[in-house]
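Examination of the molecular architecture
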Amino acid sequence: MRTKSRLNSNFIRDFIPVSLFFVVTFGAIGFRLTESVYAKEENRVNHFESPIIRLAGIGVKSPIESLNEHGLVIKQEIESRIEQERIEEEQRIKAEEERITQEELQKQIPVSTWNGSVLTAQAGVNYGPTGKETYYNMEMSGVISMMRNMGFTESEYPYWVRDDGVKMLGNYVIVAANLNTFPRGSIVECSLGTALVCDTGGFAAANPTMLDIATAW
């Protein structure tokens, strides 16, 4: 019995260290294998499944973001082109309307019965239906504003410049005169056509019948 008991005791004493050795060894190997599997899986996920996250992390736009931005640029370019074409079409229509208006006004200009000499830039002075005539060229916005306030509307009396350089208000040549002789808004004849008194000047006191004709000369 003692021999058997000693044998059991020796077996237990020798077996336990060996068992512990194998448990520790295989446990360590299993841990390293598990760690390696997890590392490979994490690397696979980062490499193949999350390009947008990785790219965003280093400040690089993803393909989807680049595509959206490219589409936005194209949309803005198309809208800009459409707006530019709209503006150009409006300008073309306005220019055509102005051309037609001037042609109509040319047709409606009262026919002058004056058959004498006419005022020219070269001559500088002429004697027409009412007497002495000269010309002047100045900015007309103040004169036109005054006439608008008197009721000479833009629709009925547009301001324009004739082909020969004579400034017009509607169908009438713009002239300056002595307002006591020819009140503002009076219709008078001059060598360049039927005129509308719109302005006056220092000449008027010395020559009450003189007309100063507005031109672009």
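See the structure above.
The present account deals with the structure reproduced in this document. Note that this is a predicted model, so its numbers are computed, not measured.

So, the pattern of salt bridges
Counted by the stated rule, this structure contains 6 salt bridges. Across the pair Glu79 and Lys75 runs a salt bridge, and its minimum N-O distance is 2.7 Å. Placement of the pair is Glu79 and Lys75 together in helix α3 (residues 63–108), with a separation of 4 residues, close to one helical turn. We note a salt bridge from Glu90 to Arg86, for which the minimum N-O separation is 2.5 Å. Residue Glu90 and its partner Arg86 are both found in helix α3; the two are separated by 4 residues, about one turn of the helix. Shared partners join several salt bridges into a network, and the residues in it are Glu83, Arg86 and Glu90.

What about the pairing of strand β5 (residues 172–176)?
In terms of burial, β5 is a largely internal element, 4 of the 5 residues being buried. Note that strand β4 (residues 167–169) and β5 share 2 bridges and pair antiparallel. Of the residues in β5, the one forming a bridge with Leu169 is Tyr172. The turn linking β4 back onto β5 is made up of 2 residues, and Gly170 within it adopts a positive phi angle of 65°.

Considering the pairing of strand β2 (residues 131–136)
The side chains of a regular strand alternate between both faces of the sheet. Of the pairings in the sheet, the one linking strand β1 (residues 126–128) to β2 comprises 3 bridges and is antiparallel in character. Each residue of the ladder has a partner; that of Tyr127, found in β2, is Lys132. Between β1 and β2, which pair antiparallel in sequence order, lie 2 residues. Bridge count for β2 against strand β8 (residues 211–214) is 4 bridges, and the pairing is parallel. Across the sheet, the residue bridging to Thr134 is Asp212, located in β8.

Digging into the environment of Ala216
Along the polypeptide, Ala216 turns up in the segment after β8. In this structure, Ala216 is in contact with Asn137, Val161, Gly165 and Lys167, ignoring residues within four places of it in sequence.

As for a nonpolar patch on the surface
Together, Ile74, Ile78 and Ile82 line one region of the surface with nonpolar side chains, adding up to about 250 Å² of accessible area. Mapped onto the fold, Ile78 is located in helix α3. Assessed through its relative accessible area of 39%, Ile78 is described here as partly exposed.

A word on the side chain of Arg162
Note on placement: Arg162 falls in the loop between β3 (159–161) and β4. We classify Arg162 as buried; its relative accessible area is 11%. Within the structure, the side chain of Arg162 is placed 2.9 Å from the side chain of Asp164, a separation counted as a polar contact.

Conventions adopted
- Residues numbered from 1 in each chain as written.
- Predicted model: local features only at pLDDT ≥ 70, side-chain atom pairs only at ≥ 80, totals over all residues.
- Heavy atoms only, no water.
- Salt bridge = Lys/Arg side-chain N within 4 Å of Asp/Glu carboxyl O.
- Helix = DSSP H or I, 4+ residues; strand = E, 2+ residues; numbered from the N terminus.
- Buried < 20%, exposed > 50% of the residue type's maximum accessible area, 1.4 Å probe, protein only.
- Pairing = 2+ DSSP bridges.
- Contact = heavy atoms within 4.5 Å.
- Patch = residues over 30% accessible without salt bridge, like charges linked within 9 Å, V, L, I, M, F, W, Y side chains within 5 Å.
- Areas by Shrake-Rupley, 256 points an atom, 1.4 Å probe, with all protein chains shown as cover.
- Polar contact = N/O pair within 3.5 Å; in protein donor to acceptor, adjacent residues only side chain to side chain.

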